Amino acid sequence: MMQIPQTSVLKTIYGETKESSQRFESLYQGFEKSFGEKEVEFFSAPGRTEIIGNHTDHNGGKILAASIDMDTIGAACPTDTNTIEIISEGYRDKIIVNLDRLESVPKNRGTVSLVAGIAEAVKKFGYQVSGFQAYISTQVISSAGVSSSASFEMLICSMIDYFFNQEKIDVTDYARIGQYAENKYWSKASGLMDQMACAVGGSILLDFSRGIRYEKKEFQFETFGYRMVIVNTGKSHADLSEEYSEVPLEMKKIASLLGKETLSQCSLDQLLFKLPEIEKKAKNDRAVLRAIHFFEENRRVEEMAEAISKTDGQAILKLLEESGRSSWELLQNCYSLSNFKEQKVTLCLALTELFLRKIKDGCCRVHGGGFAGVMMCVVPEAFTEEYVRYMERYVGAGNVYPMRIRNAGAVHLAR
């Protein structure tokens, strides 16, 4: 007998039942073909969009982020072994992690390393984990700035939580578990924004100045007559970990010259007052510019929260435009210096600005970690299809994604 989540559950998560039912039917068939006929449970974890707050989380900053209606789904069941077995559509090899031999799993070897890191973090944080089998499928664009890795991590956390911890793991620990896996097993100096947005769901205002604090916000671009569109520019950021990691390190270098650990413990006034001295010691103007971006971006996030509370659509667009310009000019994460002749994000931003100038509305910005991957456009709903056709001429059909903010985070879906 075919197993899929309840129709009411699918309606709540996806807003429809036909397409989502077909996805979960196909998912179960994949599980059955791989592991045999068993009673399974279903899980879903979304990708994420960073609305404003580019590269601030790792220095204790503020961000407005949201989950999106692209997700990673899984069918899974616990086993009587101490081994995790995962098959992920699109990947040739089965992921096998022996929980009794986590120390033997090599670092920086892709998904198997990530799963081992998650399992190790679960144990270190005082939770339980045992063997299970899972078949996974995803719609989240890989290596393109909408957090396919965090979506996968939060999906695995939701399975471990449901099967072995009575759903008692807090979402902030979901995020810390994912971050631990990336930091320790992928050598990626990631913050916590990606994981939090994927785990919590909906629009959330995040503050990392003292641990992890978050507040749910009622926010949809459609409320103001706009649509968010993500453009996959065609260049993966999977091989840019070093440039990505330099951003938090350079910001923390400036913080250390101000006598603090992170920039959230400093102020723009302090930086400007000591700027001649800091420039001389840092010998890195880019680091100073990135610090200025941090302080100004934090201010914009606070103003964005206020604009949302006042339902001020024009203020929201203005702040998004300022944020994008700051990322481009100060943060400098629109292209990689290691391959400066390839500037797909910058080119797509320029093309989008030509379109927006023509219609005299909307805004655009680099999205997520940057250097490659994706950009975001906020365009009037009436022009969404026209913008999609326009950009597909340059990046190819199927690489331009109108999307909505999804209210559900990483969840178990009742059958």
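Predicted, not measured: the structure shown is a model, and the values here were computed from it. Per chain, residue numbering runs from 1 following the sequence as it is written. The model is predicted, so local features are restricted to residues of pLDDT at least 70 and side-chain atom pairs to those at 80 or more, both for listing and for counting; the totals for chains, interfaces and linings are taken over all residues. As a convention, hydrogens and water are excluded, and side-chain values are obtained from all of the structure's heavy atoms.

Asks: How should the overall build of the protein chain be read in this particular structure?
Replies: When you go through the protein chain residue by residue, the secondary structure sums to 13 helices and 12 strands. Two things to know: the radius of gyration comes from C-alpha atoms, and the globule rule equals 2.2 Å times the number of residues to the power 0.38. Taken over C-alpha atoms, the radius of gyration comes to 21 Å for the protein chain, in line with the 22 Å a tight globule of 415 residues would show. In terms of principal-axis extent, the alpha carbons of the protein chain reach across some 65 × 50 × 40 Å. Residue burial is assigned from relative accessible area. The probe radius is 1.4 Å, only protein chains are included, and a residue is buried under 20% of its type maximum, exposed over 50%, and partly exposed in between. A buried classification covers 56% of the 415 residues belonging to the protein chain. Two residues qualify as a contact provided that any one of their heavy atoms is within 4.5 Å of a heavy atom in the partner residue. Considering only residue pairs separated by 6 or more positions, the protein chain has 73% of its internal contacts joining residues 24 or more positions apart. With an accessible surface of roughly 17,700 Å², the protein chain has 47% of that area assigned to carbon and sulfur atoms. Just so you know, the count uses Lys and Arg for positive and Asp and Glu for negative, and it drops His and the chain ends. Charged groups are reduced to one reference atom each: NZ for lysine, CZ for arginine, CG for aspartic acid, CD for glutamic acid. Charge-centre separation for the protein chain: the mean point of 49 positive side chains lies 4 Å from the mean point of 55 negative side chains. Helical segments are the DSSP runs of H or I of at least four residues, strand segments are the runs of E of at least two, and each set is numbered from the N terminus. Methods summary: accessible areas were calculated by the Shrake-Rupley approach with a probe of 1.4 Å, and residue burial reflects only the protein chains presented.

Asks: Where do I start with helix H12 (residues 344-359) in this structure?
Replies: Any helix carries an expected span of 1.5 Å times its number of residues minus one. Taking 1.5 Å per residue, 16 residues should reach 22 Å; H12 reaches 23 Å between its end C-alpha atoms and fits that length. Restricting attention to buried positions, one finds in H12 the residues Val345, Thr346, Cys348, Leu349, Leu351, Thr352, Phe355, Leu356 and Ile359. On its buried face, H12 sits against helix H11 (313-331), strand S9 (363-366), strand S10 (374-380) and helix H13 (384-395). Immediately beyond the C-terminal end of H12, within one or two residues, lies lysine 360, with a positive phi of roughly 60 degrees.

Asks: Would you mind showing me how to read the state of the cysteines here?
Replies: Simply put, disulfide is the name for a covalent bond between the sulfur atoms of two cysteines. Disulfides are defined as pairs of cysteine sulfur atoms found within 2.5 Å of each other. According to the stated counting rule, one finds zero disulfides in the structure shown. A disulfide-free cysteine, cysteine 198 has its sulfur positioned 11 Å from the sulfur of cysteine 157, the nearest such atom. According to the relative accessible area criterion, cysteine 198 is buried, its value standing at 0%. Unpaired in terms of disulfides, cysteine 334 finds its nearest cysteine sulfur in cysteine 364, a separation of 9.4 Å. Using a relative accessible area of 2% as the deciding quantity, one classes cysteine 334 as buried.

Asks: Explain the packing of aromatic side chains here, please?
Replies: The description of an aromatic ring pair uses the distance of the two centres, along with the angle that the planes make with each other. For Phe, Tyr and Trp, rings pair up if their centres lie within 6.5 Å, where Trp contributes its six-membered ring, and each pair is then called stacked (planes under 30 degrees apart), edge-to-face (over 60) or tilted (otherwise). In total, this model carries 15 aromatic pairs according to the counting rule given. Residues phenylalanine 219 and phenylalanine 221 carry aromatic rings whose centres are separated by 4.9 Å and whose planes lie at 70 degrees to one another, so their mutual orientation is edge-to-face. By relative accessible area, phenylalanine 221 is classed as buried at 4%. Linked through ring pairs, Phe43, Phe132, Tyr162, Phe163 and Phe164 together constitute an aromatic cluster. Any Lys NZ or Arg CZ that is within 6 Å of a ring centre and within 35 degrees of that ring's normal is treated as a charge sitting over the ring. For lysine 107, the ring lying beneath its charged end belongs to tyrosine 185, and the centroid distance is 4.7 Å.

Asks: How should the pairing of strand S3 (residues 83-88) be read in this particular structure?
Replies: Remember that side chains alternate between the two faces of the sheet whenever the strand is regular. One ladder, built from four bridges, connects S3 with strand S4 (residues 95-98); its direction is antiparallel. Bridge pairing links isoleucine 86 to isoleucine 95 in S4. Across five bridges, the pairing between S3 and strand S5 (residues 132-138) is parallel. Looking across to S5, one finds that isoleucine 87 is bridged to tyrosine 135. The criterion for strand pairing is that DSSP finds at least two bridges linking the strands in question.

Asks: Explain H11 to me, please; I cannot follow it from the model alone.
Replies: Since there are 3.6 residues in each turn of an α-helix, residues three or four apart along the chain are aligned in direction. Across its 19 residues, H11 extends 25 Å between first and last C-alpha, which sits within 8% of the 27 Å expected from 1.5 Å per residue. Among the residues making up H11, those that are buried are Gly313, Ile316, Leu317, Leu319, Leu320, Ser323, Gly324, Ser326, Ser327 and Leu331. Where H11 is buried, its residues meet strand S1 (41-52), strand S8 (226-232), helix H7 (241-257), helix H10 (285-309), S9 and S10. Directly beyond the C-terminal end of H11, a positive phi value near 60 degrees is found at glutamine 332.

Nothing here speaks to function; it is all geometry.
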